[in-house]
Amino acid sequence: MSDTKRVFAFGNDSNGQNITEGNAQMRYVLGGKGANLAEMSNLGLPVPPGFTITCQTCMEYANEGNVWPEGALAEIERYRLNLESRMGKKIGDEKDPLLVSVRSGAPMSMPGMMDTVLNLGLNDKSIYGLIEQTNNPRFAWDSYRRFIQMFSNVVMGLDGDLYEKAISVKKDALGVESDTDLDARDLEDLVCEFKTIFSDNVSPVDYPSLVKDGKVTFPQDPTVQLRLAIEAVFGSWNNPRAVLYRQKNKIANDLGTAVNVQSMVFGNKGNTSATGVAFTRNPANGDKVFYGDFLVNAQGEDVVAGIRNTTPIADLKDVPGLKEAAHELEDIFSVLENHFHDMCDIEFTIEQGKLWMLQTRAGKRTAAAALKIAIDMVEEGLIDKETAISRIAPDQLDQLLHPQFDKNSTYEVVASGLNASPGAAVGKVKFSSGEVVSAVEKGEKCILVRWETTPDDLAGMYAAEGILTSHGGKTSHAAVIARGMGTPCVCGCESLRIDADAKTIEIQGLDLVIHEDDIISLDGSEGIVVKGEVSLVEPEITGDLDTILEWADNIRKLGVRANADNPKDAKCARDFGAEGIGLCRTEHMFLGERKKIIQSFILNEDEKSRSAAAESLYLAQVEDFYEMLKVMDGLPMIIRLLDPPLHEFLDNPRTLEVEIARLEERDAEAKVISNKRELLSKIDSFNEQNPMMGLRGCRLGIVYPVLTELQVRAIATATAKLKKEGFNPKPEIMVPLICTVNELAYAKEDALRVISEVSKAEAVDLNMEIGTMIELPRAALTADEIATQADFFSFGTNDLTQTTFGFSRDDVEGEFIPLYLEKHLLSRNPFATVDGNGVGKLVGMATELGKQTNPNLLCGVCGEHGGDPESIHTFANCGVDYVSCSPYRVPVARLAAAQAALD
Ligand code: PEP
Ligand code: MG
């Protein structure tokens with residue numbers, strides 16, 4: 001037998017003594033739920049007793065191909081017997097049965113992604129014990145039918161609709177509307193029908209041990225029920241929605257889920273019983289008020305499923321018989337906040353007036369709430385500024401940077417619901433997750449419209465611009481998930497009559513029907529819906545965000561710059577707190593009309609036309625650099641010399657071929673056709689097998705020195721002009737894609753010569769730093785040599801990833817990276833999060849080598865990874881001086897950089 005401890009008890013023994021074996025620090029062993037159940041028990045809070053099976057057991061079971069580790073089942077059995085003795089009841093007992101819940105609980109919160117089985121332990125005999133104990137046959141039969149339904153769906157994988165249909169048929173036959181209209185006899189009949197559905201649909205081949213008299217029977221042995229339920233919860237760690245959720249939330253696949261087996265308490269034992277979910281502060285705006293919903297005479301799932309409309313938690317004390325429990329709950333809210341020093345999310349049940357705590361965890365919150373709560377808690381003395389900073393998920397800040405409805409535009413609100421997740425969205429109406437996903441793949445923007453969402457809608461929720469539901473409260477699935485993803489969401493919009501089959505939404509009280517593909521607009525901060533498109537405005541950073549970012553700036557060591565190539569983006573970056581431009585991609589200045597000029601430069605062989613084109617480009621660039629340097633006055637601005645392969649500026653040869661074929665078909669003038677043919681052959685001459693490894697980067701300036709010359713001359717001229725006007729421009733020239741120090745030395749010599757010429761001609765002192773991108777492995781490997789010629793390095797981690805992995809950056813993300821992720825060949829998309837072990841190692845090594853030979857060398861990162869919080873942590877460890885990212889990521893990067901410093 002192995003020594004590994006796999007099961008941990010929580011709660012009291014039969015004498016009321018706490019015998020809990022775990023605590024809040026053990027989340028990687030007991031999962032978040034198990035660790036916090038243990039912690040609440042240790043705090044003396046009323047927790048129904050139970051035990052937790054470790055996450056490691058789940059992984060061992062999965063890794064061995066769903067085979068139990070030696071001794072694990074025996075240990076579970078011992079804890080089950082211990083639980084029975086603590087409770088003075090036995091699972092499956094005919095007289096006084098103990099019922100248990102079997103719930104998942106991973107180290108990281110994955111709300112609603114994995115499975116749960118409730119009421120376990122009921123069978124054809126113990127049902128009578130439950131009736132006897134509760135004197136409530138209706139409750140007992142309802143519990144049994146819920147158990148069979150849940151067990152069939154979760155454990156055996158049967159379609160839940162089979163059971164829902166049977167309930168509907170029963171209600172229709174009785175002429176009643178609601179489940180609560182079914183009496184004990186009706187529910188007993190349903191139990192019988194459910195067992196038949198079970199027998200008819202579970203394959204005897206899959207479950208030979210459940211076969212009796214040639215038929216599969218619903219398992220009666222509680223030990224078998226428990227084992228199958230635990231196996232199902234383990235299995236749910238790898239269900240598709242859990243895998244997708246982990247991928248989106250960067251949760252490791254090898255953590256596993258714990259399983260909590262806990263004595264059941266019932267919120268559906270009459271009118272002095274209730275169940276609810278609550279937050280210790282408002283998770284939408286951070287206000288310090290208790291927040292949540294409850295339902296009298298209901299089970300927990302009823303609250304989250306949004307089947308019945310819930311009552312606000314503030315009204316709990318007004319329900320007869322629940323006043324005492326409501327006050328106790330409020331006291332517990334304070335105990336929890338003071339203990340965890342965080343806003344807590346809890347699930348509770350009141351069973352015949354007695355309060356029980358079923359769960360607590362750090363509550364999910366909107367970005368606005370996260371900022372407010374962090375600042376308030378610092379002011380209340382609950383946490384320090386460092387903790388406040390470490391609490392806020394940098395990616396969440398995006399929510400605050402989302403567009404809002406333009407208040408100056410006029411629009412007519414056609415429906416209102418709950419303001420479940422902030423931000424505004426515009427898109428085409430779609431009624432299913434699948435339709436959203438396929439439309440988004442075609443480049444459309446969609447709003448997912450559902451009666452209520454379920455975890456199966458996750459893919460569509462991720463893809464949608466916004467989510468609209470007609471049902472459910474602020475703690476419903478749609479609301480919780482949308483807030484976590486930062487997707488605008490309006491839920492509980494009850495005036496909507498959504499018919500997903502007919503693909504229509506009728507709006508009650510209005511003579512209006514919205515059809516599939518109609519455009520609607522949502523404002524998730526206001527909870528309103530508009531038919532048609534509302535113009536959106538960009539948000540401003542103020543108040544709480546400013547405070548937090550100021551704190552972050554005092555903590556962080558990494559600088560934050562922005563990648564921008566036009567004055568508008570540069571201004572936006574500066575407003576968001578960028579300390580300079582880390583990358584201005586000058587090729588982005590050659591779009592539109594400018595494209596014609598550069599085409600003329602590339603394709604004209606006669607020197608005169610080529611010089612004219614070069615002159616036009618030069619003049620345009622002077623203007624570009626002048627405007628941008630003016631916006632960035634006083635701050636450094638790295639301008640990169642032209643980088644892409646020239647064919648990127650040329651027309652597509654295939655289009656030209658088609659054009660020629662058409663001209664020929666129409667017998668167009670021979671001259672016109674021959675001109676086109678000549679053009680085609682010139683364009684073809686720029687064709688390369690591997691253009692990303694061909695004539696691009698610094699190689700362009702070596703083959704066409706006039707390109708370097710015109711760009712440097714434009715930079716120097718614009719700088720001289722601004723200096724003369726009294727500004728303080730700080731351009732820095734960056735040479736892209738070098739692989740040898742000689743290339744840099746060559747380009748540098750050219751640049752210095754031009755700068756000196758302009759300086760003399762304009763009679764202005766022009767000292768400009770000249771540096772290079774490090775984006776090829778050879779450059780990283782010889783960084784010590786290169787640094788002798790460079791004032792700065794900027795790591796182009798997009799190309800460095802491409803060239804280190806040998807993955808074509810334009811192709812593989814769509815082609816096989818998803819498959820690699822699915823097969824765990826990669827844990828992250830390396831173009832989104834830098835590969836620490838490979839690319840990160842090169843960045844760290846090159847930084848160290850470079851600083852050895854040039855102690856003044858400034859090192860930054862300007863690949864897309866510069867705005868990714870996880871990559872920012874990696875770069876901080878690499879010793880770089882700053883990161884540079886798109887303007888909207890600047891606040892995110894400022895916060896992530898502070899968190900990296902705290903780590
Ligand atoms: C890079 O390669 O990381 C980079 C910033 O340059 P670009 O993406 O323009 O190639
Ligand atoms: Mg590059």
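In what follows, the accompanying structure is described. (Residues numbered from 1 in each chain as written. Chains lettered and ligands numbered in written order. Predicted model: local features only at pLDDT ≥ 70, side-chain atom pairs only at ≥ 80, totals over all residues. Heavy atoms only, no water.)

Scanning the protein chain from N- to C-terminus turns up 33 helices and 35 strands. Along the first, second and third principal axes, the C-alpha set of the protein chain runs to 100 × 65 × 55 Å. Put simply, the protein chain has 903 residues, and 54% of those count as buried. Carbon and sulfur atoms provide 48% of the accessible area of the protein chain, an area that totals close to 37800 Å². Distance from the positive charge centre (90 side chains) to the negative charge centre (136 side chains) of the protein chain: 1 Å. (Helix = DSSP H or I, 4+ residues; strand = E, 2+ residues; numbered from the N terminus. Buried < 20%, exposed > 50% of the residue type's maximum accessible area, 1.4 Å probe, protein only. Areas by Shrake-Rupley, 256 points an atom, 1.4 Å probe, with all protein chains shown as cover. Lys, Arg positive; Asp, Glu negative; His and termini not counted. Charge placed at Lys NZ, Arg CZ, Asp CG, Glu CD.)

There is a patch of like negative charges on the surface, built from Glu324, Glu328, Glu330 and Asp331. Here glutamate 330 shows up in helix H11 (residues 323-340). (Patch = residues over 30% accessible without salt bridge, like charges linked within 9 Å, V, L, I, M, F, W, Y side chains within 5 Å. Salt bridge = Lys/Arg side-chain N within 4 Å of Asp/Glu carboxyl O.)

This part covers the sheet that holds strand S35 (residues 882-885). If you trace the 8 strands once around the closed barrel, you get S28-S29-S30-S31-S32-S33-S34-S35, paired in parallel fashion. Averaged over all adjacent pairs, the angle separating strand axes in this sheet is 30°, with direction ignored. As judged from the 3 bridges shared by strand S29 (residues 581-585) and strand S30 (residues 636-640), these two strands associate in the parallel manner. Directly across from arginine 585, in S30, lies its bridge partner arginine 640. Of the strands in this sheet, strand S28 (559-563) and S35 touch helix H33 (residues 890-902), which is tilted by about 160° from S28. (Pairing = 2+ DSSP bridges. Axes fitted to C-alpha atoms, helices over the stretch in contact; angles between N-to-C directions. Contact = heavy atoms within 4.5 Å.)

A few words now on the sheet that holds strand S9 (residues 258-263). Pairing is antiparallel across the open sheet formed by 5 strands, whose spatial order is S1-S2-S9-S5-S6. Either end of the sheet is taken by a strand with one partner, and the two such strands are strand S1 (7-10) and strand S6 (116-120). Across the sheet, the mean angle from the axis of one strand to that of its neighbour is 20°, orientation sign disregarded. Examined bridge by bridge, S1 and strand S2 (residues 50-53) share 4 bridges and lie antiparallel to one another. Within S2, the position partnered with phenylalanine 8 by the bridge is threonine 52.

Another point: helix H32 (residues 869-878). Along an α-helix, a turn takes 3.6 residues, which lines up residues three or four apart on a common side. Listed as buried for H32 are Pro869, Ser871, Ile872, Phe875 and Cys878. Here the buried residues of H32 occupy an arc of 155° about the axis, which is enough to place them on one side. Buried residues along H32 sit in contact with helix H28 (797-805), helix H31 (836-853), strand S34 (858-861), S35 and H33. A positive backbone phi angle near 85° is found at glycine 879, which sits one or two residues after H32. (Arc of directions from axis to C-beta.)

Moving on: the packing of aromatic side chains. Taken as a whole, this structure holds 22 aromatic pairs when the rule is applied. Judged by centre distance (6.4 Å) and plane angle (35°), the rings of tryptophan 141 and tyrosine 144 are tilted. Linking tryptophan 141 with tyrosine 144, this pair stays in helix H5 (residues 137-155), spanning 3 residues, or about one helical turn. No difference in accessibility class separates tryptophan 141 from tyrosine 144, as the two residues are buried. Seen from their ring centres, tyrosine 163 and phenylalanine 194 are 4.8 Å apart, and the 85° between their planes marks the pair as edge-to-face. Of this pair, tyrosine 163 sits in helix H6 (residues 160-174) while phenylalanine 194 is found in helix H7 (residues 184-201), placing the two residues 31 residues apart along the sequence. (Phe/Tyr/Trp six-rings, centres within 6.5 Å; stacked < 30°, edge-to-face > 60°.)

Time to look at the site of ligand 1. Taken together, 14 residues surround ligand 1, and among them Arg585, Arg640, Gly796, Asn798 and Arg809 come closest. One nitrogen or oxygen atom from the side chain of arginine 585 is found 2.7 Å from an oxygen atom belonging to ligand 1. At 2.7 Å, a backbone N or O of asparagine 798 approaches an oxygen atom of ligand 1. Computed on the free molecule, ligand 1 has an accessible area of 280 Å², of which 96% lies beneath the protein chains in the complex. Residue assignment for the shell around ligand 1 shows that the elements contributing at least two residues are S29 and H28. In terms of residue count, the dominant contributor to the shell around ligand 1 is H28 (3 residues). Looking at the shell around ligand 1, its residues break down into 3 nonpolar, 4 polar and 7 charged. (Near = heavy atom within 4 Å. Polar contact = N/O pair within 3.5 Å; in protein donor to acceptor, adjacent residues only side chain to side chain. Nonpolar A, V, L, I, M, F, W, Y, C, P; charged D, E, K, R; others polar.)

Counting 126 residues, the largest nonpolar core has Ile548, Ile602, Phe793, Phe795 and Val880 as its most contacted members. Not counting the four nearest positions on each side in its chain, isoleucine 602 is found in contact with Arg610, Leu646, Phe649, Leu650 and Phe686. In this structure, Leu187, Phe198, Ile230 and Cys489 belong to the second largest nonpolar core, which totals 86 residues. (Core = buried A, V, L, I, M, F, W, Y, C linked by side-chain atoms within 4.5 Å.)

Those residues of helix H9 (residues 240-249) that fall on the buried side of the exposure criterion are Arg241, Ala242, Tyr245 and Arg246. Within H9, the buried residues cover an arc of 135° as seen down the axis, which keeps them to one side. Buried residues along H9 sit in contact with helix H8 (222-236) and helix H15 (458-463). Taking the backbone nitrogen of arginine 241 as reference, a side-chain oxygen 3.1 Å away marks asparagine 239 as the first, capping residue of H9. Following H9 by one or two positions, lysine 250 adopts a phi angle in the positive range, close to 55°.

Next up on the list: the coordination of the magnesium ion (ligand 2). Every protein donor of the magnesium ion (ligand 2) is listed here as Glu775 (OE) and Asp799 (OD), and their distances to the metal cover 2.0 to 2.2 Å. Of this pair, glutamate 775 sits in the loop between strand S32 (769-774) and helix H26 (777-781) while aspartate 799 sits in helix H28, placing them 24 residues apart in sequence. By relative accessible area, glutamate 775 is classed as buried at 1%. (Donors = N, O, S within 2.8 Å, 3.2 Å for Na, K, Ca; no water.)

With that settled, the discussion passes to the packing of H32 against H33. Put simply, H32 and H33 touch, their axes get as near as 9 Å, and they point 45° apart. With respect to each other, H32 and H33 are oriented oblique. Viewed along their axes, H32 and H33 form a crossing whose handedness is right-handed. Residues Pro869, Ile872, His873 and Ala876 of H32 touch H33, and the partners they reach there are Val892, Ala893, Ala896, Ala897, Gln899 and Ala900. Taken together, the residues of the contact of H32 with H33 sort by class into 8 nonpolar, 2 polar and no charged. (Parallel < 35°, antiparallel > 145°, perpendicular 65-115°, else oblique. Left-handed = near helix turned anticlockwise from the far one by under 90°.)

Among the secondary structure elements, cysteine 878 is positioned in helix H32. A residue is classified by how much of its surface remains accessible, and cysteine 878, at 12% relative accessible area, is buried. For cysteine 878 and threonine 847, which are 31 residues apart along the polypeptide, the C-alpha to C-alpha distance reads 7.2 Å. The residues contacting cysteine 878, other than those within four sequence positions of it, are Gly840, Val843, Gly844 and Thr847.

The values are spatial; any link to function lies outside them.
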